[in-house]
Amino acid sequence: MQKQEIYQQISALLIKLFEIDESDISPQAKLYEELELDSIDAVDLVVHLQKTTGRKIKPEMFKSVRTVQDVVDAIDELLNTPES
């Protein structure tokens with residue numbers, strides 16, 4: 001899966017799950033400050049991303065995530081890392 005596809009899926013999830021306006025979503029958008037997600041929203045996002053990717057997401061992967069692009073990069077890394 002290409003990063004652009006990952007970005008589109010994450011954008012769709014943000015719109016569907018949290019009713020975020022599509023115009024507010026950009027790669028640089030800060031999840032907490034600009035998109036107003038809280039820690040519970042972040043957990044919901046991770047759960048849905050696990051279902052979408054079919055891979056287990058370790059909490060430490062998302063500790064440093066701050067922007068939409070950070071989420072895209074983390075999922076891209078997850079998908080390109082062999083399962084252990």
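Residues numbered from 1 in each chain as written. Predicted model: local features only at pLDDT ≥ 70, side-chain atom pairs only at ≥ 80, totals over all residues. Heavy atoms only, no water.

- For the chain, the name recorded in an unreviewed UniProt entry is Acyl carrier protein, with Rahnella ecdela as its organism.
- On record in UniProt, under Pathway (unreviewed entry), the comment for the chain is "Lipid metabolism; fatty acid biosynthesis."
- Its UniProt record, at the heading Function (unreviewed entry), says of the chain: "Carrier of the growing fatty acid chain in fatty acid biosynthesis." (UniProt positions renumbered as here; feature names shortened; annotations may be inferred.)

**Quick word on a negative patch on the surface**
So, point 1. Where like charges cluster on the molecular surface, the negative patch consists of Asp21, Glu22, Asp24, Glu33, Glu34 and Glu36.
So, point 2. Along the chain, Glu34 turns up in the loop between α1 (3–18) and α2 (39–53). (Patch = residues over 30% accessible without salt bridge, like charges linked within 9 Å, V, L, I, M, F, W, Y side chains within 5 Å. Areas by Shrake-Rupley, 256 points an atom, 1.4 Å probe, with all protein chains shown as cover. Salt bridge = Lys/Arg side-chain N within 4 Å of Asp/Glu carboxyl O. Lys, Arg positive; Asp, Glu negative; His and termini not counted. Charge placed at Lys NZ, Arg CZ, Asp CG, Glu CD. Helix = DSSP H or I, 4+ residues; strand = E, 2+ residues; numbered from the N terminus.)

**Describing empty space enclosed by the protein**
So, point 1. What the rule picks out here adds up to 1 cavity of 30 Å³ or more.
So, point 2. There is about 50 Å³ of room inside the largest cavity.
So, point 3. Lining the largest cavity are Met1, Ile6, Gln9, Ile10, Leu49, Thr52, Thr53, Ile75 and Leu79.
So, point 4. Secondary structure elements with two or more residues in the lining of the largest cavity: α1, α2 and α3 (68–79). (1 Å grid on protein atoms, 1.4 Å probe; cavity = no way out; pocket = protein on both sides within 12 Å on 5 of 7 lines; lining within 4 Å. Points joined across faces, edges and corners; volume = space filled by probe spheres on them.)

**Some words on the UniProt feature "domain: Carrier" (unreviewed entry) in the chain**
So, point 1. Following the UniProt record, one finds the feature "domain: Carrier" (unreviewed entry) at residues 1–79.
So, point 2. The span residues 1–79 is 54% helical and 0% strand by assignment, and the distance between its end C-alpha atoms comes to 8 Å.

**Considering the nonpolar core**
So, point 1. Among the nonpolar cores identified, the biggest contains 24 residues, and Ile10, Leu14, Leu49, Phe62, Val68 and Ile75 are the most heavily contacted of them.
So, point 2. Elements that contribute at least two residues to this core include exactly α1, α2 and α3. (Core = buried A, V, L, I, M, F, W, Y, C linked by side-chain atoms within 4.5 Å. Buried < 20%, exposed > 50% of the residue type's maximum accessible area, 1.4 Å probe, protein only.)

**Some points on the environment of Gln69**
So, point 1. Its place among the elements puts Gln69 in helix α3.
So, point 2. Considered as a pair, Gln69 and Ser26 are 43 residues apart in the sequence and their alpha carbons are 8.0 Å apart.
So, point 3. Setting aside residues up to four positions removed in sequence, Gln69 forms contacts with Lys3 and Pro27. (Contact = heavy atoms within 4.5 Å.)

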